[in-house]
Amino acid sequence: MATTSNDKFRLIGLCEKQRQLGSAITLSCHLSPEISAVAMEIRWFKGTDCVCLYKNRQVTEGRGYEGRVSLFTQELQRGNVSLQIRDCTESDRGVYQCQVMDGDTTEETAGEVESGGHFKLYFT
């Protein structure tokens, strides 16, 4: 998935260690430079399904993810837009996309949660 280039910020994804099923994983993603994301819109997708939406300072969990996903809202001020998924199952494997919008500027990046008894996250 392409990352749009702009002069305001970029999205940086970090690798996550492998985790066993049933545990929580963090899809680590932050803004560079380290600027506040509090007033931005943040969307996390798995395929075409919206997993989590942050808009107008409100977090909305996607259908099927209620009570299992969260953003680190206290860290948005430092540009942390990471998503945490709790109680992971095989159905959580797949490609996830993070999209951050600030006015007419949009940045996005993607990563994959793999199966095989463990989850491995990497970002492109």
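Scroll up to find the structure.
Read on for an overview of the structure. Since we're looking at a predicted model, the values are computed, not measured. (Residues numbered from 1 in each chain as written. Predicted model: local features only at pLDDT ≥ 70, side-chain atom pairs only at ≥ 80, totals over all residues. Heavy atoms only, no water.)

### Looking at the overall build of the protein chain
Regarding its fold elements, the protein chain presents 0 helices and 12 strands. Residues counted as buried form 43% of the 124 residues belonging to the protein chain. Taking as baseline every contact in the protein chain between residues at least 6 positions apart, the subset at least 24 positions apart corresponds to 54%. Carbon and sulfur atoms make up 46% of the accessible area of the protein chain, which amounts to about 6,700 Å² in all. (Helix = DSSP H or I, 4+ residues; strand = E, 2+ residues; numbered from the N terminus. Buried < 20%, exposed > 50% of the residue type's maximum accessible area, 1.4 Å probe, protein only. Contact = heavy atoms within 4.5 Å. Areas by Shrake-Rupley, 256 points an atom, 1.4 Å probe, with all protein chains shown as cover.)

### Regarding the pairing of strand β4 (residues 29-32)
Here β4 shows a buried face lined by Cys-29 and Leu-31 and an unburied face lined by His-30 and Ser-32. The pairing of strand β1 (residues 10-13) with β4 spans 4 bridges and is antiparallel. Looking at the pairing, Arg-10 lines up with Ser-32 of β4. (Pairing = 2+ DSSP bridges.)

### A look at the sheet that holds strand β8 (residues 69-71)
Note: strands within a sheet are paired through backbone hydrogen bonds, in either parallel or antiparallel orientation. Pairing is antiparallel in the open sheet, where 3 strands are placed in the order β3-β9-β8. Looking at the sheet topology across the chains shown, the edges are occupied by β3 (25-27) and β8. Neighbouring strand axes in the sheet, compared pairwise and without regard to direction, differ in orientation by 25 degrees on average. Summarising the sheet, β8 and strand β9 (residues 83-85) pair through 3 bridges and their orientation is antiparallel. (Axes fitted to C-alpha atoms, helices over the stretch in contact; angles between N-to-C directions.)

### As for the nonpolar core
Counting 26 residues, the largest nonpolar core has Trp-44, Val-81, Leu-83 and Val-100 as its most contacted members. Where this core is concerned, the elements lending two or more residues are β3, β4, β5 (41-46), β6 (49-55), β8, β9 and β10 (94-102). Beyond its immediate stretch of four places on either side in the chain, Leu-83 contacts Ile-25, Thr-26, Leu-27, Trp-44, Val-51, Cys-52, Val-69, Ser-70 and Leu-71. (Core = buried A, V, L, I, M, F, W, Y, C linked by side-chain atoms within 4.5 Å.)

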